[in-house]
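Structural description and commentary
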Amino acid sequence: MLTLNVALGDRSYPINIGRGLLGDPSLILPFLKTPRVAIVTNDVVGPLYLDSLQAALRARGVRVHAVTLPDGEEHKNWQTLNLIFDTLLAERCERSTTLLALGGGVIGDMTGFAAATYQRGVPFIQIPTTLLSQVDSSVGGKTAINHPLGKNMVGAFYQPRLVLADTGTLDTLPDRELAAGLAEVIKYGLIRDPGFFVWLEANIERLVAREPEALAFAIERSCANKAEVVAADETEQGERALLNLGHTFGHAIETGMGYGVWLHGEAVAAGTMMAAELSCRLGWLPAEEVSRIEALHRRAGLPVQGPRLGADRYLELMAHDKKVEAGRLRLILLRGIGQAVIHADATPEAIAAAIDARCA
Ligand code: NAD
Ligand code: GLY
C-alpha cells in the first residue's frame with residue numbers, strides 16, 4: 001500500500017492506494033468517530049462490493065447501515081440525494097455516524113454533499129471504485145449534485161477523513177469507464193506534469209490493458225498532483241481552476257446531451273481538444289503538440305470531437321460555468337504541454353470557431 005497526504009492543516013487526510021484494501025477494515029476503523037457507519041453505494045457497485053465490506057466492518061463491532069441508490073449520472077440530483085437523508089433519519093443516525101462512499105464519482109460527490117449537510121456536517125470517507133474517482137473526484141473535497149441547467153451546480157467544499165482506493169476494484173470496471181478515467185489522468189500531464197505526459201505517451205497501451213504496475217503508477221502520480229494543487233488552493237481561488245481543463249466545454253456536452261449520455265471523462269476528452277484547438281488558434285500551442293494530445297486521447301479510446309450541438313448552444317451552456325466572473329467566461333487553456341493558464345479574454349467568436357473545428 002502507498003500512502004499520500006492531502007495537507008490541509010487539522011483537516012489533512014491520507015490517500016491509501018493498493019490492491020485488496022477493501023478487505024482490511026483496520027484501515028478504516030481509526031478514522032471512525034464512533035463504531036457506526038452508513039455505506040452509500042449504488043445498484044451496480046453494491047452487488048459487487050457491499051456485502052464483503054459490511055461483513056468485515058460488522059465483524060469488528062461496527063454498526064452498519066446501507067443505502068443503495070440508482071446508478072448513473074442522471075440520478076445525481078436532489079431526489080436521489082434525499083434517499084440518503086431518508087435512511088439516515090429513519091435509522092436515527094447521529095452526528096458522529098460516518099458516511100462511507102462506496103462507488104465512482106457520482107456516489108462520492110453525492111455522499112460528500114450529504115455528509116456536508118446532514119445535521120450540518122458528519123464525517124465521511126471516500127472508497128472510490130472507478131479509475132476516474134481514484135485519480136480525481138475522491139480527492140479534494142468537491143461535492144455536488146447536478147441541476148437541469150448545469151453540472152455540479154449545487155454543492156459544497158467538504159473534505160473526507162480518508163480516501164481508500166482499492167485498485168483491485170478496477171478489475172470489474174467496464175472498458176469504456178476505464179477510458180473515461182484516463183481522460184483525467186492525461187489532464188494532469190497536460191496542466192502541470194509534462195514528464196508524466198511523456199510517460200503516458202510511452203505507456204498508454206499498458207494502462208488500457210490494465211497492467212497493475214502501470215495503473216498503480218498512474219493513480220499515484222495523478223493523486224500526488226491533485227493533492228499538491230488542493231493543498232495549495234483548497235477552495236479554487238486560483239491554481240485549482242487549472243484542474244478544470246476541458247471541463248467548461250465538457251460540462252456543456254454532458255448537460256446538452258442529457259446527463260449520462262456522454263460519460264464525464266469522454267466529455268472532458270472532447271472538451272480538452274476544444275481547449276487545445278483554441279490555444280493553438282491563439283498562437284500559444286504548436287500544431288504538433290495539438291496532434292500529440294489528440295493521438296494520446298485516441299490511443300486511450302477517448303473521443304477527440306464533441307457532438308454537433310451548435311456553437312451557440314455550447315456558448316449558452318458554458319455561460320453557466322462556475323468559473324464565470326462578472327459575466328466573463330474564464331477558460332483553462334494551454335501554453336504548452338504541462339503548462340495550463342486561466343484565460344478570460346477569448347472572444348465568443350474565437351471560442352465558437354474552436355468548437356466548430358472540434359465537433360463531429
Ligand atoms: P460513475 O460514478 O457514474 O461510475 C461509472 C460507472 O461505473 C457507474 O455505472 C458505476 O456504477 C460503475 N462502477 C463503479 N465502480 C465500479 C466497479 N468497480 N466495477 C464495475 N462498475 C463500477 O462515474 P465516474 O466516472 O466514477 O465519476 C464521474 C462523476 O464524478 C461525475 O459526476 C463528475 O462530475 C464527478 N467528478 C467529480 C470530481 C470532484 O472533484 N468531486 C472530479 C471529477 C469528476
Ligand atoms: N476536478 C476538479 C477539482 O477537483 O478541482
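Just above, that's the structure.
None of these values were measured; they are calculated from a predicted model. (Residues numbered from 1 in each chain as written. Chains lettered and ligands numbered in written order. Predicted model: local features only at pLDDT ≥ 70, side-chain atom pairs only at ≥ 80, totals over all residues. Heavy atoms only, no water.)

Let us now look at the overall build of the protein chain. Within the protein chain, the secondary structure is distributed over 12 helices and 11 strands. Computed over the C-alpha atoms, the radius of gyration of the protein chain is 20 Å, within 12% of the 21 Å expected from 2.2 N^0.38 for a compact globule of 360 residues. Viewed in the frame of its principal axes, the protein chain has a C-alpha envelope of about 60 × 40 × 35 Å. Within the span of the protein chain, comprising 360 residues, buried residues form 60% of the whole. In the protein chain, of all internal contacts separated by at least 6 residues, the share reaching a separation of at least 24 is 76%. When the accessible surface of the protein chain is totalled, it reaches about 13,800 Å², and 52% of it is carbon and sulfur. Averaging the positions of the 34 positive and the 41 negative side-chain charges in the protein chain gives two centres separated by 5 Å. (Helix = DSSP H or I, 4+ residues; strand = E, 2+ residues; numbered from the N terminus. Rg over C-alpha atoms; globule rule 2.2 N^0.38 Å. Buried < 20%, exposed > 50% of the residue type's maximum accessible area, 1.4 Å probe, protein only. Contact = heavy atoms within 4.5 Å. Areas by Shrake-Rupley, 256 points an atom, 1.4 Å probe, with all protein chains shown as cover. Lys, Arg positive; Asp, Glu negative; His and termini not counted. Charge placed at Lys NZ, Arg CZ, Asp CG, Glu CD.)

Taking 1.5 Å of rise per residue, the 13 residues of helix H10 (residues 287-299) would be expected to cover 18 Å, and the 18 Å separating its terminal C-alpha atoms lies within 8% of that figure. Three or more residues of H10 are buried, namely Glu289, Val290, Ile293, Glu294, Leu296 and His297. Seen end-on, H10 carries its buried residues on one side only, within an arc spanning 160 degrees. Among the exposed residues of H10, those pointing more than 90 degrees away from its buried face are Glu288 and Arg298. (Expected span 1.5 Å × (residues − 1). Arc of directions from axis to C-beta.)

Moving on, we come to the site of ligand 2. In the vicinity of ligand 2, the residues found are Asp136, Lys142, Lys226, Glu236, Arg240, Leu243 and Asn244. At 2.8 Å from an oxygen atom of ligand 2 is found a side-chain nitrogen or oxygen belonging to Lys142. For ligand 2, an oxygen atom lies 2.7 Å from a polar atom in the side chain of Arg240. Residue classes in the shell around ligand 2 are distributed as one nonpolar, one polar and five charged. (Near = heavy atom within 4 Å. Polar contact = N/O pair within 3.5 Å; in protein donor to acceptor, adjacent residues only side chain to side chain. Nonpolar A, V, L, I, M, F, W, Y, C, P; charged D, E, K, R; others polar.)

Right, let's get into a negative patch on the surface. Taken together, the side chains of Asp43, Asp71, Glu74 and Glu177 define an acidic patch exposed on the protein surface. Mapped onto the elements, Asp71 comes out in the loop between strand E4 (63-69) and helix H2 (78-90). Given a relative accessible area of 36%, Asp71 falls into the partly exposed group. (Patch = residues over 30% accessible without salt bridge, like charges linked within 9 Å, V, L, I, M, F, W, Y side chains within 5 Å. Salt bridge = Lys/Arg side-chain N within 4 Å of Asp/Glu carboxyl O.)

Another point: the sheet that holds strand E1 (residues 2-6). An order of E1-E2-E9-E6-E5-E3-E4 is seen for the seven strands of this open sheet, with the pairing classed as mixed. Single-partner strands in this sheet number two, and they are E1 and E4. Within this sheet the neighbouring strands show an average axis-to-axis angle of 20 degrees, counted without direction. The pairing of strand E3 (residues 36-42) with E4 spans seven bridges and is classified as parallel. Directly across from Thr41, in E4, lies its bridge partner Thr68. Running over the sheet, helix H1 (residues 45-59) touches E3, E4, strand E5 (98-103) and strand E6 (124-128) and is turned about 170 degrees from E3. (Pairing = 2+ DSSP bridges. Axes fitted to C-alpha atoms, helices over the stretch in contact; angles between N-to-C directions.)

A few words on the site of ligand 1. Contacts to ligand 1 come from 28 residues, most closely from Asp71, Glu73, Thr130, Lys151 and Thr172. At 2.7 Å, a side-chain N or O of Lys151 approaches an oxygen atom of ligand 1. With the chains in place, 92% of the 860 Å² that ligand 1 exposes on its own is no longer accessible. Of all the secondary structure elements, the ones that give two or more residues to the shell around ligand 1 are H1, helix H3 (105-117), helix H4 (131-137), strand E8 (150-157) and helix H5 (175-192). Of the residues in the shell around ligand 1, the class split is eight nonpolar, 10 polar and 10 charged.

Inspection of every chain in the model, using the stated rule, returns zero disulfides. Sulfur of Cys280: no disulfide; nearest cysteine sulfur belongs to Cys359 and is 17 Å away. For Cys280, a relative accessible area of 26% corresponds to the partly exposed category. (Disulfide = S-S within 2.5 Å.)

Positionally, Ser138 belongs in the loop between H4 and strand E7 (142-147). Residue classification places Ser138 among the buried residues on the basis of a relative accessible area of 1%. Polar side-chain contacts of Ser138 include one of 2.7 Å to the backbone oxygen of Ser133.

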